Structure formats: structure tokens, C-alpha cells
Amino acid sequence: MSVSDALSGLAPAKINLLLHVGPVQADGYHPLVSLAVFADVGDRVTVRRAEALSLTVEGPFAAGLDGQGDNLILKALRALGEAAGIGEPPVAVTLDKRLPIAAGLGGGSADAGAALRLTARLLNLDMPAAELERLALAAGADGPMCLRARPAWASGIGEVLEDEPRLPTLHGVLLNPGLPSPTGGVYHAYDAAPKAADRPASPADWSVASVIAWLAAQRNDLEAPALAVTPGIGEALAAMRAAPACRLTRMSGSGATVFGLFDDRAAAIEAAFALDRPGWWARPVVLGAPDIEPRAVI
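What this report covers is the structure whose coordinates are included nearby. Positions within a chain are numbered from 1, following the residues in the order the chain's sequence is written. Side-chain atom pairs in this predicted model are given and counted only at pLDDT of 80 or more, local residue features only at pLDDT of at least 70, and totals for whole chains, interfaces and linings cover all residues. Side-chain measures here rest on the full set of heavy atoms in the structure, leaving out hydrogens and waters.

### Some thoughts on the overall build of the chain
Phase 1: Strands are runs of DSSP state E lasting at least two residues, helices are runs of H or I lasting at least four, and both sets are numbered from the N terminus onward. If you tally the helices and strands in the chain, you get 9 helices and 11 strands.
Phase 2: Its C-alpha atoms give the chain a radius of gyration of 19 Å, near enough to 19 Å, the size a compact globule of 298 residues would have.
Phase 3: If you line up the chain on its principal axes, its C-alpha atoms span 50 × 45 × 35 Å.
Phase 4: In the chain, which comprises 298 residues, the share counted as buried stands at 53%.
Phase 5: Contacts spanning at least 24 positions in sequence make up 76% of the contacts within the chain whose residues lie at least 6 apart.
Phase 6: By element, 55% of the accessible surface of the chain is carried by carbon and sulfur atoms, the whole surface being about 12300 Å².
Phase 7: The charge count includes Lys and Arg as positive and Asp and Glu as negative, but it does not include His or the ends of the chains. To locate a charge, the coordinates of NZ of Lys, CZ of Arg, CG of Asp or CD of Glu are taken. Charged side chains in the chain number 24 positive and 32 negative. The centres of these two groups are separated by 2 Å. Note on method: radius of gyration uses C-alpha positions; expected globular size equals 2.2 Å times residues raised to 0.38. Here's how the labels work: a residue is buried when its accessible area is under 20% of the maximum for its type, exposed when over 50%, partly exposed in between, all with a 1.4 Å probe on protein chains only. Any two residues whose heavy atoms approach within 4.5 Å are treated as being in contact. Method for areas: the Shrake-Rupley scheme with a 1.4 Å probe, in which residue coverage is limited to the protein chains shown.

Here's what the structure looks like:
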């Protein structure tokens, strides 16, 4: 196999630093405002030239995914092939599933975004960025954001994006307690007492200390309903808050993953080591715009 026959890339975890959600609309969707950032950890997607489209799932969290049917990678690539006029793209996709399933980290959308980027490059498809973002919607409202994988404000139902280049690099820890947090159930609980999808004024300055202090005044509107549905998330939040030098603790998305922000990489690594316990998944992370550039696989 030649170098050009296969490409691999990171599908980074998405973290909602804040998530303000409005009441459900007539179409069943919730308007929202979120500031999201991406981590230097995630799943790994590899695409190879092949006779037909296929998907293989491996890795530590592979057991929770179906590699066939309505998998978001396959849906996105079928949409890509239709838009390009080539039918199903002739690629074999391997997903190394390293992120917990249904964890509030945008994993499925990130996987689909990586598959779109890699396949378009591998097959030399002349596809404008705006078209790829439209296709990424096949993975959900956060599909375009996960395709870009850089800090951004999201509004609408998550599909209206505004890059936020002022956001500094942040050091954090991701902690998942190994518990299910069903998005539908969380939103149903949220609908009992909805809030407003307001966008806060920007911080006074964009230094790390100022941003963390500003974030502490914001919220994740899905955190309380997620705790009502899955009380065990509270244990992860409490453990993160108790970690030495943790400056801010919050749940990401609809859970069950929580994150903590720290002053530096050394403090994050120390905290992640201390939080690692049976059944939990803890990782130190750098939050910003990770390297998602496709790499040739020999």
C-alpha cells in the first residue's frame, strides 16, 4: 500500500465550557448558546482506499458501538458521496474508539467530522469547506463545529458558529464516571424548568486567570437535570472539585463527563492520576485547537 492509500487523523473530544439552553421550540429543538473548545485527546479515525465503503470499530470503547447501519460516520460519508456524485465513497474506515460512549464529548460528531476531512482529502474531492460543514450536519447539530475542531461560539441549535480565537490555551482534566447519561432523558428533565439561551458579555480580558473567573459565573443548564437522571455524576463533580489546584469544575454537554480547569499542565497531570479509579476514565488534556491534520499511514 502506498503512502497516499491511507490517511489517519484525530477526532478530538469537544468540551462545552458553558452551555446556556432555552425552552424547547415547536420543532422539538432547544435553542442554545455555548462556548466550546477541543481537547488533544480523542478517537482516531483511519481511512483507506477500498472497493466499497465499510467501517470497523476497535479500541477500548468499541463494544458500545455498532459499526454498521446508522453509524454517524457511515451517514456522513454517504452524504459526502452523494454530494460529490460518486455514490458511496470507496473507503474502508477504522475507528479506534478511545473516548467513552455518550459522554457529552461530541464523540460521534467528531468521528464523522474526521471521516469527512480524511475521505475528502484521500479521494481528492474538490469540496469547499462550507459544503463539508453542511454535510457534517448529518452527524447532528454539533457536526459542523466538530468538523472545524477549534474554539467557537455556537448558537441556534448548535449549527450557527463564530470562531473565538481570543480564547487562551487551557489545561484541564476530563473525568467520566462510567455511567450512562441519556441525552433525551436529560432534556426531558430540563424541560420541567427551562432557562434562557443567553450569551454572556465577554470577559474583561482573555488571560487564563480572567477567563476561568469569567467561566465560573456561567453555567451548564443541563448539569442539574443530568444529576437528577444520573445522580452518580455528582460523585465525579465532587471528586474533581476536591482535586488540589482545581480552579473550576463543570459537566460537559449532557454528561456524564465532567471537566476541571487547572493553572498548568503539571497540576492537571497530578489531578488526573489521583482521580483514576476502577470504572472511571480520567485524562489530563490541553484545551484549544488540537492538531487534526491528516497523516499518511504507511
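### Overview of the side chain of Q218
Phase 1: Tracing the sequence through the fold places Q218 in the loop between α6 (208-216) and α7 (223-229).
Phase 2: Of the residues examined, Q218 reaches a relative accessible area of 15% and is grouped as buried.
Phase 3: Once you skip the residues sitting within four places of it in the chain, Q218 turns out to touch L18, H20, P200 and R250.

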